[in-house]
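These are the residues of each chain, in order.
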Amino acid sequence: MMEPLLTDFEIGLGTMGWSHSRLLGYGNKLDLEDSRPIFQAALEAGVRFFDTAEAYGRSEKVLGKFLEQAEQKLYIATKYAPWPWRFSRQALIRALDGSLARLGLQQIDLYQIHVPMGLVSQDSLWESLAEAVETGRARQVGVSNYSAGLMRRAHAFLAKRGIPLASNQVEYSLVQRSPEVDGLLQACRELDVQLIAYSPLGRGALSGRYRPGDAPSDGRRYFSQFKEDELGRIQGLVRALEQIGEKHQKTPAQVALNWLARQPNVIPIPGANKVEYAAGSAASVGWSISNTEADQLAEAAAGFRKPAPAFFGLRA
């Protein structure tokens, strides 16, 4: 049986919230036993793609514990964080070996560079990605938070070694549509790179749970979409999601995820810190809103179609 590739999935699940870290994520902080029923609910709902990172605290270890007992073949992705003190070219390979140990795997399905920063040159990092594939440590490789131009450079570099660039993981949602205007989404389609969309619900702003005067009290309150004026502006879009959801017997969040998942080369990876969120996200695919409904949502979200600020000054 052929091993699954990233293109085999319509949706995945992000596990940053499974870190039990006060520094990462938002909402409930989950430990091992808190996360277990969420993982099980995702499996039962058909999710087979899970994304984590070494920078997510204990997330890799937690996911690794669950993988020990998983009976299905899953597709696991993790990321290398190019911290400033990792000076050598081999730092990525050593980090990958650490991630494999925490996950209890011999090979990772997708290994990604988390952000385009650090004192090691980008060429050296891409060289190490190629080595990860050539030594059998990784089946596929990708990047994260890369601009269109930097992604094209990485793609060309790896292509010389005969290795495809599988993905670029960036923020993308109906309230963060910058990949449509900065050339990134078009570049992904030209190069057949999958855009893995993190925060696909705008950190919950598209769920319908938050209104002006009732924003989340956790770390999300510092993000622009939860400022009073912006949250008020989002309500028109939420109403459009609710109206379309009523026709399909789906929630606003499921409609928002479906809008992303129906697009070529886009795979959303919502997080889940509750069982019902994991099951609900999985039910966002396997059906589709109509072209007319998709256009209605795009029109309702037209005001959010603008370039994103630089990521640590490096998304340019």
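Right above here is the structure, for reference.
Attention shifts here to the packing of aromatic side chains. According to the stated counting rule, one finds eleven aromatic pairs in the structure shown. On the numbers, 5.8 Å between centres and 15 degrees between planes, the contact of Trp 83 with Trp 85 is stacked. Trp 83 gets classed as partly exposed once you look at its relative accessible area, which sits at 34%. Since its relative accessible area comes to 60%, Trp 85 is described here as exposed.

With that settled, the discussion passes to the sheet that holds strand S6 (residues 165–171). Reading across from one edge, S1-S2-S3-S4-S5-S6-S7-S8 is the order of the eight strands in this open sheet, with parallel pairing throughout. Pairing within the sheet leaves two strands with one partner each, and these edge strands are strand S1 (13–14) and strand S8 (266–268). Pairing between strand S5 (residues 138–144) and S6: four bridges, direction parallel. By the bridge assignment for S6, Gly 142 is matched with Ser 167. Across the sheet, helix H3 (residues 91–103) lies against strand S3 (75–80) and strand S4 (108–113), angled at about 135 degrees from S4, the strand it touches most. Sitting on the sheet, helix H4 (residues 122–134) is in contact with S3, S4 and S5, with an inclination near 155 degrees to S5.

Once that is clear, we can look at a nonpolar patch on the surface. Taken together, Trp 83, Trp 85, Phe 87 and Leu 119 make up a surface patch of nonpolar side chains, about 530 Å² in accessible area. Note on placement: Trp 85 falls in the loop between S3 and H3.

Reading the values: the criteria
Residues numbered from 1 in each chain as written. Predicted model: local features only at pLDDT ≥ 70, side-chain atom pairs only at ≥ 80, totals over all residues. Heavy atoms only, no water. Phe/Tyr/Trp six-rings, centres within 6.5 Å; stacked < 30°, edge-to-face > 60°. Buried < 20%, exposed > 50% of the residue type's maximum accessible area, 1.4 Å probe, protein only. Pairing = 2+ DSSP bridges. Helix = DSSP H or I, 4+ residues; strand = E, 2+ residues; numbered from the N terminus. Contact = heavy atoms within 4.5 Å. Axes fitted to C-alpha atoms, helices over the stretch in contact; angles between N-to-C directions. Patch = residues over 30% accessible without salt bridge, like charges linked within 9 Å, V, L, I, M, F, W, Y side chains within 5 Å. Areas by Shrake-Rupley, 256 points an atom, 1.4 Å probe, with all protein chains shown as cover. Salt bridge = Lys/Arg side-chain N within 4 Å of Asp/Glu carboxyl O.

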